[in-house]
Amino acid sequence: MATKHEQILEHIESLSVGSKISVRRIAKALNVSEGTAYRAIKEAENQDLVSTMERVGTIRIEKKKKENIEKLTFAEIVNVVDGQVLGGREGLYKTLSKFVIGAMKLEAMMRYTEAGSLLIVGNRTNAHELAVKEGAAVLITGGFDTSEAVKKLADEKKLPVISTSYDTFTVATMINRAIYDQLIKKEIVLVDDIYTSYEESKFLQSSDAVARWHEFNTATGHSRYPVVDQQNRVVGIVTSRDVIGKDKETRIEKVMTRNPMTVHAKTSLANAAHVMVWEGIELMPVVDPSHKLQGIISRQDVLKALQHIQRQPQVGETIDDLATNRMEVIAEDDSTPVWQTKVTPQMTNPLGTMSYGVFISLITEASSRLLRKYKKGDLVVENISVYFIKPVQIESDIEVRPQILEVGRKFAKVDIEVHHEKSIVGKALLMAQLIDR
């Protein structure tokens, strides 16, 4: 039977998009304590089922598809610009198709303003009214208000009219930054993108006999299967090692390995790869927050996806990219490359010297590039011991010299020296696991 927490989440999922949700209302409707309702609503927010906005409340929202992640909802715009909703609250969950800067004559402005867009404009009430009539939402900059007629029209058409204290240029910059961040998120591959779905997965019930494992093994050639209970919760995993020499009538629950390692759909691929390499796991069940089986992910799926990622062009630059994309090979001593880069303003701390985080990024990237010459695979850092010997100031040219101490089939040790003007400014010892291709 589902727990109260699960019942509340199911109830929230059943609500129509745009519905307003409150702790008190949920507690009363489902006869649960307000504490239980609050915790479930917070979990729903983590699952992108609802969104909470200041001065508005909690609203049931539509889950964004990965291909549309670069599009923002009006609710997200409110949060980005720290806005106040003046009217049309019921349309906050809608997605905007484009935004228009209202810095032109009214007639010209209306040529660009269409249904689903967001007009960013100052205290021009006539423009606010025309935009809402055209089916567009309005973001008023400079902290200005609008007329009661516009607010009433926004409520009727369910199109948000939002006010923010920021100026138009700052608002446009903030929205562009939010879209850019969404693009970076879109590139991060999650377990959700690659796992085998529940419908296509083979799994065993805890009440099944060992004979059922043999049936699956003959049909698929695989030897590992998740085990679920009557509520479809993952309770174990069965491998060939568990069933060897066991009577075919023995119940699966007697031979299975209990409490197996599981992964959530929203876990990043990097995290899943880390666990599977560290623990030597070939297959992991994918579960929902209630530990119910959603599908499975295999080591082969992870490796294929990692290869695919490396072939894809990157849209957004992360801090690591900014730190490492200027590294160039300047020399090869005894077949070991030496990388050079310049300390740019983005790579510094408030004192104007290279930040410790950037230092770590540089030595990790240099080690990874060096190891790729010996092994076709990915590096997962296990431990780094770092010695910061001298500060490195802005605009300095530095050299990164990694040297392999030991490399095996699954493990590597690298010694790294960082030089500036022929003196050592830092040293590191990096130990890493290698994911074989």
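Residues numbered from 1 in each chain as written. Predicted model: local features only at pLDDT ≥ 70, side-chain atom pairs only at ≥ 80, totals over all residues. Heavy atoms only, no water.

With an unreviewed UniProt entry as reference, the chain is termed CBS domain-containing protein, source organism Halobacillus trueperi.

Enquirer: I'm lost on the overall build of the chain in this one. Help?
Expert: The number of helices and strands found in the chain is 16 helices and 22 strands. Expected size for 437 residues packed as a compact globule is a radius of gyration near 22 Å; at 28 Å, the chain overshoots this value by more than 25%. With the C-alpha coordinates of the chain rotated into their principal frame, the extents come out at 75 × 70 × 40 Å. Classification of the 437 residues of the chain by burial places 43% in the buried group. Once local pairs closer than 6 in sequence are excluded, the contacts in the chain between residues at least 24 apart make up 56%. Just so you have it, the chain exposes about 23400 Å², and 49% of that area is on carbon and sulfur atoms. (Helix = DSSP H or I, 4+ residues; strand = E, 2+ residues; numbered from the N terminus. Rg over C-alpha atoms; globule rule 2.2 N^0.38 Å. Buried < 20%, exposed > 50% of the residue type's maximum accessible area, 1.4 Å probe, protein only. Contact = heavy atoms within 4.5 Å. Areas by Shrake-Rupley, 256 points an atom, 1.4 Å probe, with all protein chains shown as cover.)

Enquirer: Mind showing me how you'd approach the packing of helix H2 (residues 23-30) against helix H3 (residues 34-46) here?
Expert: One way to put it is that H2 packs onto H3 with a least axis distance of 8 Å and a crossing angle of 115 degrees. Crossing of H2 against H3: the hand is right-handed. Residues Val 23, Arg 24, Ile 26 and Ala 27 of H2 lie in contact with H3, whose contacting residues are Glu 34, Ala 37, Tyr 38 and Ile 41. Looking at side-chain class alone, the contact of H2 with H3 contains six nonpolar, no polar and two charged residues. (Axes fitted to C-alpha atoms, helices over the stretch in contact; angles between N-to-C directions. Left-handed = near helix turned anticlockwise from the far one by under 90°. Nonpolar A, V, L, I, M, F, W, Y, C, P; charged D, E, K, R; others polar.)

Enquirer: Just checking my understanding: could you explain the nonpolar core for this structure?
Expert: In terms of nonpolar packing, the biggest core is built from 27 residues, with Met 354, Leu 362, Leu 371, Ile 398, Ile 416 and Val 418 touching the most fellow members. Of all the secondary structure elements, the ones that give two or more residues to this core are helix H16 (356-372), strand S20 (397-407), strand S21 (411-420) and strand S22 (423-436). Sort the elements by how many residues they give to this core and H16 lands first, with seven residues. Counting 20 residues, the second largest nonpolar core, distinct from the first, contains Val 189, Val 263, Ala 273 and Met 284. (Core = buried A, V, L, I, M, F, W, Y, C linked by side-chain atoms within 4.5 Å.)

Enquirer: Which parts of the structure should I look at to understand the sheet that holds strand S5 (residues 98-101)?
Expert: The pairing of strands in a sheet happens through backbone hydrogen bonds and is either parallel or antiparallel. With respect to topology, five strands assemble into an open sheet ordered S4-S8-S7-S6-S5, the strand pairing being mixed. Here the strands that pair on one side only, and so sit at the sheet edges, are strand S4 (84-87) and S5. When strand polarity is set aside, the average angle formed by the axes of neighbouring strands in this sheet is 25 degrees. In terms of strand pairing, strand S6 (residues 117-121) meets strand S7 (residues 137-140) through four bridges, oriented parallel. Looking at S7, one finds that Leu 119 is bridged to Val 138. (Pairing = 2+ DSSP bridges.)

Enquirer: Sorry if this is basic, but what is going on with the UniProt feature "domain: CBS" (unreviewed entry) in the chain here?
Expert: Here, UniProt's "domain: CBS" (unreviewed entry) annotation points to residues 190-254 and 256-314. Between the end C-alpha atoms of residues 190-254 the distance is 34 Å, and the span holds 34% helix and 20% strand. (UniProt positions renumbered as here; feature names shortened; annotations may be inferred.)

Enquirer: Just to check I follow, could you spell out the packing of aromatic side chains for this structure?
Expert: Aromatic ring pairs: the centre-centre distance and the angle between the two ring planes describe each pair. Inspection of the entire model under this criterion finds four aromatic pairs. Both rings, one in Tyr 356 and one in Phe 388, keep their centres 4.5 Å apart while their planes meet at 45 degrees; by these two values the pair is tilted. Taken together, the positions of Tyr 356 in helix H16 and Phe 388 in strand S19 (residues 377-388) put the pair 32 residues apart, joining distant regions of the chain. The class for Tyr 356 is exposed, based on a relative accessible area of 56%. Its relative accessible area of 41% is what places Phe 388 among the partly exposed residues. Summarising the aromatic geometry, the rings of Phe 359 and Phe 388 are spaced 5.1 Å apart at their centres and angled 65 degrees between planes, so their arrangement reads as edge-to-face. (Phe/Tyr/Trp six-rings, centres within 6.5 Å; stacked < 30°, edge-to-face > 60°.)

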